[in-house]
Amino acid sequence: MTTPDQQPTVPETPDPQFKDRVYRSPSGIAGGVLLLAIAGWLGIDALVTGEGRAPWVSLAALLFLVPLVLAFTVRPAVYANEQRLRIRNPFRVIVLPWGTVEAFRSGYSNEVLDKVGAKYQVWAVPVSLRGRKRAARREARGEARGAAAAARGGQQHHAAAVATGPVRAAGDQIMEELRELLDARGKDPRAQGEVSVRWAYEIVAPAVAGAVLLAILLAVG
């Protein structure tokens, strides 16, 4: 008796992908951790040693303030990979496939625009005017050194001095990297889809509950 030939199964090779590039604000995280430490110290002290309504007011204030501090300092982040850009803002998470992104815009804040005209602020990459000024001063000093090197050693020394390109502030450099990713991935068939926006109820719910409780306690006091 003959048996049908069995075809060997060939495992599918996954498309090459790179891990998410994660962009966050170190200064924002540091400030948030400091604020949380101060709030925790004061709040716990009031809970332990407070009298009357003080512990309840302290608990409501912590319930209200801690989610807000987390939302605006520790939570914001940007995740970018081959297929999509995910922006985690204080109260929303926006997922944009590269094919839906129209452009990035930097002014007094960094923003991403999609192809239907919607605009989303990038909280994790703040604009630092002081950082831009420092970068401009470093670039000016580099150009001066390059000019001096060219005067001493010819054009080759000057070209080597300026080969690294313009000096940018950290936020502007991140936005430039995102623009390069958009140029490289925007037309890829795997980077198409629809924009998704989700509210961060894990932040909103406790903050609203704390605000309501705090208002009630203050009103009946």
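Cut-offs applied
- The residue count restarts for each chain, going from 1 along the sequence in the order it is written.
- For this predicted model, a pLDDT threshold of at least 70 governs which residues receive local features, and a threshold of 80 or more governs which side-chain atom pairs are given and counted, while totals over whole chains, interfaces and linings are taken from all residues.
- Hydrogens and water molecules were not included; the side-chain quantities draw on all heavy atoms of the structure.
- Elements are defined by DSSP. Helices are runs of H or I of four residues or more, strands are runs of E of two residues or more, and each kind is numbered from the N terminus.
- When checking whether two residues touch, look at their non-hydrogen atoms; a contact exists if any pair is within 4.5 Å.
- In this analysis, strands are considered paired if DSSP registers two or more bridges between them.
- To obtain each axis, a line is fitted to C-alpha atoms, and for helices this fit is confined to the stretch in contact; angles are then taken between N-to-C directions over 0 to 180 degrees.
- We call two directions roughly parallel when the angle between them is under 35 degrees, roughly antiparallel when it is over 145, roughly perpendicular when it lies between 65 and 115, and oblique otherwise.
- With the far helix as reference, a near helix turned anticlockwise by less than a right angle produces a left-handed crossing, and one turned clockwise produces a right-handed crossing.
- Salt bridge criterion: a side-chain nitrogen from Lys or Arg within 4 Å of a carboxyl oxygen from Asp or Glu.
- Relative accessibility decides the category of a residue: with a 1.4 Å probe and only protein chains considered, values under 20% of the type maximum give buried, values over 50% give exposed, and everything between is partly exposed.
- As a per-residue quantity, pLDDT reports the predictor's confidence and falls between 0 and 100.
- One fewer than the residue count of a helix, multiplied by 1.5 Å, yields its expected span.
- Taken from the helix axis, the directions to the C-beta atoms give the arc we talk about.

Looking at the element boundaries, S58 is found in helix α2 (residues 54–74). Beyond its immediate chain neighbours, meaning those up to four positions away, S58 contacts G43, A46 and L47.

So, about the sheet that holds strand β5 (residues 101–106). Spatially, the three strands line up as an open sheet ordered β5-β6-β7, and their pairing is antiparallel. A strand with exactly one partner marks an edge of an open sheet, and here the two such strands are β5 and β7 (119–121). On average, each strand axis in the sheet is tilted by 25 degrees relative to the strand beside it, whichever way the strands run. The sheet contact formed by strand β6 (residues 110–114) and β7 spans three bridges and is antiparallel. By the bridge assignment, L113 is partnered in β7 with K119. Against the sheet, helix α5 (residues 170–185) contacts β5 and β6, and its axis sits at roughly 165 degrees relative to β5.

The next thing to look at is the sheet that holds strand β4 (residues 92–97). Here five strands make up an open sheet; going across it, the order is β1-β2-β3-β4-β8 and the pairing antiparallel. Strands at the two margins of the open sheet, each flanked by one partner only, are β1 (21–23) and β8 (196–199). Pairwise comparison of adjacent strand axes, ignoring direction, gives a mean angle of 15 degrees for this sheet. Of the strand pairs in this sheet, strand β3 (residues 84–88) and β4 are connected by five bridges, and their pairing is antiparallel.

Quick look at the packing of α2 against helix α6 (residues 201–219) now. Here α2 crosses α6 at 150 degrees, and the two axes come no closer than 8 Å. In terms of axis orientation, α2 runs roughly antiparallel to α6. Once α2 is placed against α6, the crossing between them reads as left-handed. Contacts between α2 and α6 involve W56, V57, A60, A61, L63, F64, P67, L68 and A71 on the former and, on the latter, I203, P206, A207, A209, G210, A211, L213, L214 and L217.

This model, assessed by the stated rule, comprises eight salt bridges. In this structure, D188 engages R190 in a salt bridge whose closest nitrogen and oxygen atoms are separated by 3.3 Å. Judged by relative accessible area, D188 falls into the buried class, the value being 14%. The partly exposed category is assigned to R190, whose relative accessible area is 34%. Salt-bridge contacts for E202 lead to R198; the nearest nitrogen and oxygen are separated by 3.7 Å. On the accessibility criterion, E202 (44% relative accessible area) is partly exposed.

Before going further, it helps to examine the confidence of the model for the protein. Chain-level pLDDT for the protein is 82 on average; 73% of the residues reach the 70-or-more range. The secondary structure element of the protein with the lowest average pLDDT is helix α4 (residues 155–161), at 50, and the one with the highest is β4, at 97. Here residues 1–16 is modelled with pLDDT under 50, and outside its nearest four sequence neighbours on either side it reaches three contacts, counting other chains as well. Below pLDDT 50 for its whole length, residues 157–163 participates in five contacts with residues either more than four positions away or in separate chains.

What sets the pattern is the α-helix's 3.6 residues per turn: residues three or four places apart point alike. Over its 19 residues, α6 extends 26 Å from the first C-alpha to the last, a length consistent with the 27 Å expected when each residue adds 1.5 Å. Of the positions making up α6, those classed as buried are I203, A207, G210, L214 and L217. For α6, the buried positions fall inside an angular range of 95 degrees around the axis, keeping them on one side. Of the exposed residues in α6, those oriented more than 90 degrees away from the buried face are Y201 and A219. Elements that come into contact with the buried residues of α6 comprise α2.

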